[in-house]
Amino acid sequence: MKGPHGPQTRVHEGAYAIKVSMSCYSIASTLIYLCCSAHGPSLLELPNAECAKAGKCNSDASFITWTRTGWKNQFSGSQRMAQCLFISEIQLSIFQWIFVLDTSHEKHVAQATLAALARTCGAFHDIALDVLWQQFGTIARAIQCMPHDLWGGDLNRSQSGCISLKLHRHLTKDDWNIFRRYALRIRHLSLATQDVRRGKTLMVDIDDELLACLASMDATQPLLPNLTSLEWIIYDERDLRLIRRILTKSLTSLFLEVWAISPVPDLQQFISSIAPACPSLQKLTVHSVALSSHLRDSVSQTLCHLHHLTTVHCGVLDAEVLDHLSRLPSLVELKFALQPNSEFHKELLFQQLQVLDVHAQDIASAVDLVSRMRNKLTNLSISSDDYTGACILAQLFRRLSTSVTHYSLRRLQIMVAERPPYDSFHVLKLEDLHPLLSFNQLTHVHLDVGCGITLDDVAALELAQAWPDIVQLVLNKFLENPLPSSMSPIGLLCFLKHCPNLMELTLEIDFSFIEEQDDQRHYWVGDTTHRHLSAFDWPAFLSGVLPRKVHIRYSWIYALDDQREYAERWNEASKLLHADEEESNY
């Protein structure tokens with residue numbers, strides 16, 4: 001198909017070869033007619049054959065005819081309104097809405113609509129291409145816009161079925177100019193090779209030689225001058241050569257993963273160069289299989305020279321770097337590992353921090369860190385690989401209550417390693433959890449703390465009343481508690497009554513006391529044996545009280561003498577419950 005812009009249109013169409021629905025044509029044709037009507041005789045005034053011959057429209061002559069006949073009366077006398085559509089800011093706003101209104105995951109309709117606008121109307125060409133490439137542009141698509149004999153992608157498919165882009169001839173200046181035309185519009189870059197590590201379907205594989213050839217062209221300018229977001233994986237020194245050509249002052253987000261098994265020369269120097277190369281960086285993520293001490297120092301130095309950070313995800317940080325980050329007025333999200341034996345000598349401000357995820361070697365270090373903070377966190381996650389006793393955890397809860405604003409915290413997660421097999425079993429009680437009850441806006445609580453959490457029905461009522469907005473409550477999901485639970489189904493009813501938004505509940509409930517009574521409002525009385533548990537009692541109870549259909553997982557205490565019989569009854573009752581749910585669907 002040949003359009004008003006010659007080779008540009010053909011190449012662009014090749015990169016976005018998508019079938020266009022009639023809804024796309026409806027949007028595009030309306031805008032095109034408004035623009036054309038502002039100029040008197042225009043493309044719409046020409047016979048269809050002449051339009052095609054002149055190369056001023058695509059080959060779909062019926063589209064032009066339908067546009068003219070369908071909207072001429074509706075938009076007659078609308079020249080003044082049409083003039084507004086030549087203002088680039090208005091075009092940009094309209095075209096961005098095309099992207100927003102397409103709610104599908106692949107955004108095929110939005111891509112097709114923007115491509116149709118760029119091909120069909122010269123007035124829309126530049127802005128439509130800008131929006132299209134800002135949202136969907138990749139370095140692979142820019143390569144595919146160059147002549148086919150350069151990269152030969154369609155003829156080289158790997159065993160995985162992805163297109164392999166390989167260099168087949170020397171890259172000329174004309175090839176570079178074509179690539180440059182589209183590279184100027186790319187805002188986000190994530191090389192296809194990264195998808196292998198994340199389990200995604202690999203669609204395009206770019207040959208290293210082709211990338212190196214592009215990197216060698218016009219070394220005075222960045223490869224993608226207007227790039228704002230970059231995701232990159234470093235395997236060896238070749239990746240370093242290319243990424244140096246991509247870093248630009250316009251970059252605001254950098255996601256960097258180091259997968260190198262052997263040491264990479266100049267990697268430390270490259271990390272140190274990020275700050276001067278990208279002074280406007282706001283989001284920085286650095287992951288590595290094993291960060292050496294020298295590389296950690298380079299990351300720390302880089303962080304200390306960046307002053308506009310809003311999000312930081314990285315490895316080990318010491319007290320000095322945390323002091324710098326705490327004084328950044330823009331920082332809202334921080335994820336890191338606390339360097340062992342860090343000593344803090346003053347308060348950490350973190351005035352705007354909302355999300356904090358810290359991994360500490362021991363909980364005592366996390367307690368020291370939290371005690372020096374005064375902020376309005378909304379999400380807090382603390383983890384440790386070292387087992388901690390109940391007294392240290394209780395101390396952590398008390399420090400949280402005095403350091404974090406009570407009305408701001410929405411999500412709380414604390415993950416601690418399980419106790420050693422030979423150690424005595426520690427237990428958290430309701431009084432230890434009392435400081436957490438002051439956070440009355442919590443919606444998600446996940447505590448896997450390596451020691452038991454003993455709660456009864458009274459404790460369940462207090463938790464439910466303190467956290468009425470709770471959506472997810474998980475208490476020791478993976479810990480095998482050798483002690484029997486003190487909470488009966490009455491405790492479950494407390495959560496169901498006071499927490500209408502509850503979607504996930506994981507805690508220990510003793511169902512061994514259920515026995516159906518004459519009063520249908522209650523389904524249990526005190527009973528000391530499992531033998532009186534009927535397989536038909538608890539499904540009826542759960543079906544009657546649960547506010548929505550749920551998936552039920554259950555376990556039991558392995559020390560019980562009758563555990564096999566108990567397990568068989570739960571399996572039988574579970575089948576009956578799911579059978580009742582299926583019948584209710586009909």
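Owing to the predicted nature of the structure, the values given are computational and were not obtained by experimental measurement.

Here is what the cut-offs are and how they apply
Residues numbered from 1 in each chain as written. Predicted model: local features only at pLDDT ≥ 70, side-chain atom pairs only at ≥ 80, totals over all residues. Heavy atoms only, no water. Helix = DSSP H or I, 4+ residues; strand = E, 2+ residues; numbered from the N terminus. Buried < 20%, exposed > 50% of the residue type's maximum accessible area, 1.4 Å probe, protein only. Contact = heavy atoms within 4.5 Å. Areas by Shrake-Rupley, 256 points an atom, 1.4 Å probe, with all protein chains shown as cover. Salt bridge = Lys/Arg side-chain N within 4 Å of Asp/Glu carboxyl O. Pairing = 2+ DSSP bridges. Right-handed = clockwise from strand over helix to strand, strands pointing away. Core = buried A, V, L, I, M, F, W, Y, C linked by side-chain atoms within 4.5 Å. Phe/Tyr/Trp six-rings, centres within 6.5 Å; stacked < 30°, edge-to-face > 60°. Lys NZ or Arg CZ within 6 Å of the ring centre and 35° of its normal. Patch = residues over 30% accessible without salt bridge, like charges linked within 9 Å, V, L, I, M, F, W, Y side chains within 5 Å. Polar contact = N/O pair within 3.5 Å; in protein donor to acceptor, adjacent residues only side chain to side chain. Axes fitted to C-alpha atoms, helices over the stretch in contact; angles between N-to-C directions. Parallel < 35°, antiparallel > 145°, perpendicular 65-115°, else oblique. Left-handed = near helix turned anticlockwise from the far one by under 90°. Nonpolar A, V, L, I, M, F, W, Y, C, P; charged D, E, K, R; others polar. Expected span 1.5 Å × (residues − 1). pLDDT = per-residue confidence, 0-100.

Caption draft 1: Broad picture of the overall build of the protein. Secondary structure assignment for the protein yields 24 helices and 16 strands. Of all 586 residues assigned to the protein, the portion counted as buried reaches 47%. In the protein, of all internal contacts separated by at least 6 residues, the share reaching a separation of at least 24 is 68%. With an accessible surface of roughly 29,200 Å², the protein has 53% of that area assigned to carbon and sulfur atoms.

Caption draft 2: Representation of the pattern of salt bridges. This model, assessed by the stated rule, comprises eight salt bridges. Here D126 ties to R185 by a salt bridge, and the two come within 3.5 Å at their closest N and O atoms. A residue pair is termed long-range when its members are at least 10 positions apart, and D126 in helix α8 (residues 125-136) and R185 in the loop between α11 (173-183) and β2 (188-190) qualify at 59 residues. Given the relative accessible area of 46%, D126 is considered partly exposed. Classification of R185 as buried rests on a relative accessible area of 12%. A salt bridge links D149 to R169, with the shortest nitrogen-to-oxygen separation between them at 2.9 Å. Separated by 20 residues along the polypeptide, D149 in helix α10 (residues 148-151) and R169 in the loop between β1 (163-165) and α11 bring together distant segments of the chain. Looking at D149, the relative accessible area reads 47%, which means it is partly exposed.

Caption draft 3: Inspection of the pairing of strand β7 (residues 311-317) at higher detail. Most of β7 sits inside the fold, with five of its seven residues counted as buried. Sheet topology note: the strand β6 (residues 283-288)/β7 ladder contains three bridges and is parallel. Its bridge partner lying in β7, L284 is registered against V312. With helix α17 (residues 319-326) bridging β7 and the parallel strand β8 (residues 333-338), this β-α-β connection has right-handed handedness.

Caption draft 4: Main features of the nonpolar core. Membership of the largest hydrophobic core comes to 138 residues, with the highest contact counts inside it found for F179, L230, F270, L334, F336, L400 and W467. Contacts of L400, omitting those with residues within four sequence positions, involve V370, L380, L412, I414, L436 and F439.

Caption draft 5: Structural view of the packing of aromatic side chains. This model, assessed by the stated rule, comprises four aromatic pairs. The ring centre of F99 lies 4.8 Å from the NZ or CZ of K107, which sits over that ring.

Caption draft 6: Spatial organisation of a nonpolar patch on the surface. Nonpolar side chains collect at one region of the surface, where W97, V100 and L101 lie side by side and expose about 350 Å² of accessible area between them. By the secondary structure assignment, W97 is in helix α6 (residues 88-101).

Caption draft 7: Spotlight on the environment of I363. Mapped onto the elements of the fold, I363 is located in helix α18 (residues 363-371). Linking I363 and T388, residues 25 residues apart in sequence, is a C-alpha distance of 6.7 Å. Those residues in contact with I363 that lie beyond four places of it in its chain are I382, S384, T388, I392, L396 and V416.

Caption draft 8: A look at the side chain of S403. With respect to the secondary-structure elements, S403 resides in helix α19 (residues 390-403). The class for S403 is buried, based on a relative accessible area of 4%. Polar side-chain contacts of S403 include one of 2.9 Å to the backbone oxygen of R399. With residues up to four places along the chain from it excluded, the contact list for S403 reads V370, S371, M373, R374 and N375.

Caption draft 9: Molecular detail of the packing of α6 against α8. For the pair α6 and α8, interaxial distance at closest approach is 9 Å and the crossing angle is 40 degrees. The angle between α6 and α8 falls in the class oblique. Helix-helix and strand crossings are classified by hand; for α6 and α8 the assignment is right-handed. Here S88, Q91, L92, F95, Q96 and F99 of α6 lie close against α8, whose contacting residues are I127, A128, V131, Q135 and F136. Taken together, the residues of the contact of α6 with α8 sort by class into seven nonpolar, four polar and no charged.

Caption draft 10: Local environment of the sheet that holds strand β9 (residues 355-360). Strand order in the open sheet formed by twelve strands is β2-β4-β5-β6-β7-β8-β9-β10-β11-β13-β15-β16, and the pairing between neighbours is parallel. Edge strands, defined here as strands with exactly one partner in the open sheet, are β2 and β16 (504-506). In this sheet, neighbouring strand axes are inclined to one another by 10 degrees on average, regardless of whether the strands run parallel or antiparallel. Direction of pairing for β8 relative to β9: parallel, over a ladder of five bridges.

Caption draft 11: Structural view of the side chain of S384. Mapping S384 onto the fold places it in strand β10 (residues 379-384). In terms of polar contacts, S384 uses its side chain to reach the backbone carbonyl oxygen of A360, at 3.1 Å. Within the structure, the side chain of S384 is placed 3.2 Å from the backbone nitrogen of D386, a separation counted as a polar contact. Once residues within four sequence positions are removed from consideration, S384 is found in contact with H359, A360, Q361, D362, I363, M415, V416 and A417.

Caption draft 12: Summary view of unusual backbone geometry. A positive phi angle is found at D218, which is not glycine, with a value near 50 degrees. Inspection of the secondary structure puts D218 in the loop between α13 (208-215) and β4 (229-234). Taking relative accessible area as the criterion, D218 reaches 30% and is therefore assigned partly exposed. At N476, a position not held by glycine, the phi torsion is positive, near 50 degrees.

Caption draft 13: Local environment of helix α16 (residues 293-304). In this model α16 runs 17 Å from its N-terminal to its C-terminal C-alpha over twelve residues, within 8% of the 16 Å that 1.5 Å per residue would give. Among the residues of α16, L295, S298, V299, S300, T302 and L303 are the ones counted as buried. Tucked inside the fold, the buried residues of α16 contact α15 (267-277), β6, β7 and α17.

Caption draft 14: Molecular detail of the confidence of the model for the protein. Chain-level statistics for the protein give a pLDDT mean of 76 and a share of 67% at 70 or above. The secondary-structure element of the protein with the lowest mean pLDDT is helix α3 (residues 48-54), recorded at 37, while β9 shows the highest, at 96. Within the model, the stretch residues 37-77 combines pLDDT values under 50 with 56 contacts to residues more than four positions away or in other chains. Segment residues 515-536 is flagged for pLDDT under 50; beyond a separation of four residues in sequence, or across chains, it makes 45 contacts in the model.

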